[in-house]
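A look at the structure
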Amino acid sequence: MGREEWSSTLGFILASIGSAVGIGNIWRFPYIVGANGGGAFLIPYLISVLLFGLPLMVLEFAIGRSTGKSVVSAFQSLGQRFSVAGLAIVVIVSLILSYYLVITSWVLAYALFFALNRPVDFGAFTGSYLPLIFFLLSGLAVFLTVRSGVREGIEKVARYLIPALVVILLFLVAFSLTEPGALEGARFYLLPDYSRLADPGVWTAAFGQAFFSLSVGMGVMLTYGSYLKRGDLFRSASIIVVADMLIAILAGLMIFPLVFTAGVDPAAGVNLAFVTLPSVFVEMQFGMVLGALFFLMLFAAALTSAVSMLEVPVATLMDSYGYPRKRATLLIFAAVMLLGFPSALSYTALKLEIFGTPFLDLSDYVFGTIGLIVAGLILSIVGGWYMDRTRIYAEIGGCRWQQRVYTVLIRYCVPIILLITLLGSFFQVTG
Ligand code: TRP
């Protein structure tokens, strides 16, 4: 049987947007902007996305398409020792998925609670064992999607969910902007504080957010590229990157006006999505409907991202070990649920913690922050220094100077920036 394939370039682009647009855009980006200089943050963010995120995405697509394989097998073609590097990436993505699914399941629960007109208190919800049921449910949704295959599963889900997400987002933004606190909220969000650009922490925050949000450096885009036969890779990647940025920026434009209209403190982190915003919805007219729509949108974003993460280890089992898709999906699903169990339990009455830090927060730091950067480093170094350049160029196209600029970015700039970000994220804890 030949390799599975997207039904069209549009299907491929939608699936990739589905991977990129996730919890990172709708919930994380807005509060990172608010905390790092407002509108001024858009400068380092734009630079990271265009100079580092975009080239890395193009590289991943090119490796995937030229080898027609997922990470481990693609690396293996360079020599046996590289397969360990590929395997490391696959393990990191699986670990990220294991806790990403926990947050996805909270989102699903909140969507349901609002739809049923029964908002809950965050502490009461996470303190119960209900989250475990939702953890299983969202895991199942991701499992069933990936099990159905590239075209019938991953692509089809993205084809429905991404347009739906955009429609809901535009509606919510329009609604938010007519609220009395709109101006104040937008000002808090976007009014630039250029003095913050002198703070290196703002820059590393931008790099980290860009890599997380675009899902690059993790083999996801490489795997998606391996199901693609033709089309201009640079053009596709540009569309995906711009869509990802627009959706992130718009999400902030819906969140902050609501928060300021309600006159509550614009919190950061977990609290913004699961405590502050719900409290705003509860007080508002039509708040239940708006809340249900908001969490439904967030669930659509999270589901398509989780699907892309699951596809990485599944494709590895299929390519490197010859497993049929259904069996590979079942195995990895079971493993990820087991791995995610401690994270799922960390906010329940069991309070699974290590040194006083909930397991979930620890996973987010170790896998989602440090692991993400390490995987990006591996990918850019192997892809930039060891892959056959002529083959990559043949996939990407472009003229001589473009290829030169591109090579410098991938070989030097991206790894250096990732190293700096890695150091920065160590300081984040100790400092
Ligand atoms: N990009 C997604 C978001 O913004 C998260 C995501 C999807 C991801 N696939 C990934 C993060 C792979 C790291 C690695 O939420």
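Reference entry: report on the structure contained in this document.

**What to know about helix α9 (residues 182-190)**
Along α9, the residues classified as buried are A182, G185 and Y189. The arc enclosing the buried residues of α9, seen along the axis, measures out at 70°, which places them on a common side. Where α9 is buried, its residues meet α2 (23-35), α8 (150-177) and α12 (233-261).

**Side note on the site of the ligand**
Contacts to the ligand come from 16 residues, most closely from A20, G24, Y100, F212 and S215. A distance of 3.3 Å separates a nitrogen atom of the ligand from a polar atom in the backbone of S19. Here an oxygen atom of the ligand sits 3.3 Å away from a polar atom, N or O, in the side chain of N25. For the ligand, whose free accessible area comes to 360 Å², the fraction covered by protein is 100%. Sorting the residues of the shell around the ligand by element identifies α1 (9-20), α2, α10 (200-214) and α14 (287-321) as the ones contributing at least two each.

**Considerations on the pattern of salt bridges**
Between side chains of opposite charge, a pair can form as their charged atoms come close. Considering all chains together, one arrives at eight salt bridges under this definition. Residue R3 is joined to D319 by a salt bridge in which the shortest nitrogen-to-oxygen separation is 3.0 Å. A residue pair is termed long-range when its members are at least 10 positions apart, and R3 in the segment before α1 and D319 in helix α14 qualify at 316 residues. Judged by its relative accessible area of 25%, R3 falls in the partly exposed class. The network of salt bridges with common partners includes E4, E311 and R325.

**Regarding the packing of helix α13 (residues 270-283) against α14**
Running from N to C, α13 and α14 cross one another at 150°; their axes reach a closest spacing of 8 Å. Judged by the angle between their axes, α13 and α14 are roughly antiparallel. Across the interface between the two elements, A273, F274, L277, P278, F281 and V282 of α13 pack against G287, M288, L290, G291, F294 and F295 of α14. Along the lines of polarity and charge, the residues of the contact of α13 with α14 split into ten nonpolar, two polar and no charged.

**Structural notes on the nonpolar core**
By size, the foremost hydrophobic cluster in this structure holds 156 residues, and its most contacted members are F274, F294 and F295. Per-element accounting of this core gives the leading share, 21 residues, to α14. When near neighbours in sequence (up to four residues on either side) are disregarded, F274 contacts W27, I103, W106, V107, Y110, F122 and F295.

**Some remarks on the side chain of S138**
With respect to the helices and strands, the residue S138 is situated in helix α7 (residues 130-147). The class of S138 is buried, set by a relative accessible area of 0%. A distance of 2.7 Å separates a polar side-chain atom of S138 from the backbone oxygen of F134. Ignoring any residue separated from it by four or fewer positions in sequence, one finds S138 in contact with L101, T104, S105, L108 and F299.

Cut-off values and rules
- Residues numbered from 1 in each chain as written.
- Predicted model: local features only at pLDDT ≥ 70, side-chain atom pairs only at ≥ 80, totals over all residues.
- Heavy atoms only, no water.
- Buried < 20%, exposed > 50% of the residue type's maximum accessible area, 1.4 Å probe, protein only.
- Helix = DSSP H or I, 4+ residues; strand = E, 2+ residues; numbered from the N terminus.
- Arc of directions from axis to C-beta.
- Contact = heavy atoms within 4.5 Å.
- Near = heavy atom within 4 Å.
- Polar contact = N/O pair within 3.5 Å; in protein donor to acceptor, adjacent residues only side chain to side chain.
- Areas by Shrake-Rupley, 256 points an atom, 1.4 Å probe, with all protein chains shown as cover.
- Salt bridge = Lys/Arg side-chain N within 4 Å of Asp/Glu carboxyl O.
- Axes fitted to C-alpha atoms, helices over the stretch in contact; angles between N-to-C directions.
- Parallel < 35°, antiparallel > 145°, perpendicular 65-115°, else oblique.
- Nonpolar A, V, L, I, M, F, W, Y, C, P; charged D, E, K, R; others polar.
- Core = buried A, V, L, I, M, F, W, Y, C linked by side-chain atoms within 4.5 Å.

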